[in-house]
Amino acid sequence: QVQLVESGGGLVQAGGSLRLSCAASGRTFSIYTMAWFRQAPGKERDFVARINLRRITYYADSVKDRFTISRDNAKNTVYLQMNSLKAEDTAVYYCAAGNTRSTVNVNDYDYWGQGTQVTVSS
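Residues numbered from 1 in each chain as written. Predicted model: local features only at pLDDT ≥ 70, side-chain atom pairs only at ≥ 80, totals over all residues. Heavy atoms only, no water.

Asker: Give a description of the pairing of strand β5 (residues 45-51) that names residues and reports values.
Answerer: Most of β5 sits out of view: five of its seven residues are buried. Bridge count for strand β4 (residues 33-39) against β5 is six bridges, and the pairing is antiparallel. Among the inter-strand pairings, F37 is bridged to a residue of β5, identified as F47. The antiparallel hairpin formed by β4 and β5 contains five residues in its connecting segment, where G42 sits at a positive phi of about 75°. Looking at chain direction, β5 and strand β6 (residues 57-59) are connected through three bridges and run antiparallel. Bridging from a neighbouring strand, I51 pairs with T57 of β6. Hairpin connection between β5 and β6: a loop of five residues separates the two successive antiparallel strands, and R55 in this loop has a positive phi of roughly 65°. (Buried < 20%, exposed > 50% of the residue type's maximum accessible area, 1.4 Å probe, protein only. Helix = DSSP H or I, 4+ residues; strand = E, 2+ residues; numbered from the N terminus. Pairing = 2+ DSSP bridges.)

Asker: Any chance you could break down the pattern of salt bridges for me, citing the residues and the numbers?
Answerer: All chains considered together, the criterion is met by three salt bridges. The partner of K64 in a salt bridge is D61, and the shortest N-O contact between them spans 3.0 Å. K64 gets classed as partly exposed once you look at its relative accessible area, which sits at 39%. In this structure D61 comes out as exposed when scored by relative accessible area, which is 66%. Salt bridges linked by common partners bring R38, R66 and D89 together as one network. (Salt bridge = Lys/Arg side-chain N within 4 Å of Asp/Glu carboxyl O.)

Asker: So what's going on with the sheet that holds strand β3 (residues 18-26)? Residues and values would help.
Answerer: What the four strands build is an open sheet, ordered β1-β3-β8-β7; its pairing is antiparallel. Edge strands, defined here as strands with exactly one partner in the open sheet, are β1 (2-7) and β7 (67-72). Strand-to-strand twist of the sheet, defined as the mean angle between neighbouring strand axes without regard to direction, takes the value 15°. Across six bridges, the pairing between β7 and strand β8 (residues 77-82) is antiparallel. Bridge assignment links F67 to a residue of β8, and that residue is M82. (Axes fitted to C-alpha atoms, helices over the stretch in contact; angles between N-to-C directions.)

Everything listed is a geometric property; what it means functionally is a separate question.
As structure tokens, then:
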């Protein structure tokens, strides 16, 4: 099993920045891909960004050039730096861990964190 714990959410004004962290524990050697998803009230959980062990990244178009995903393999931690935040970025952000086949689909990921709330005021 893998446990994921997110932190760093909060309330920020539009145009501001936040940095989310996700610490993994347990069978971390099984993790190849780590990703962030988000879910706004009444909406589906959407892909935000992912990074693999070789640090190859991929972003949703809606966050490209504003968000940056990174990982520290020694600390088993993945980060999401969010800049130029907009009201539409408001959501619960979830960290997910998957394998070599994990892409942008929720069903590709085996483990999930509990989520952290990000609220952007306009």
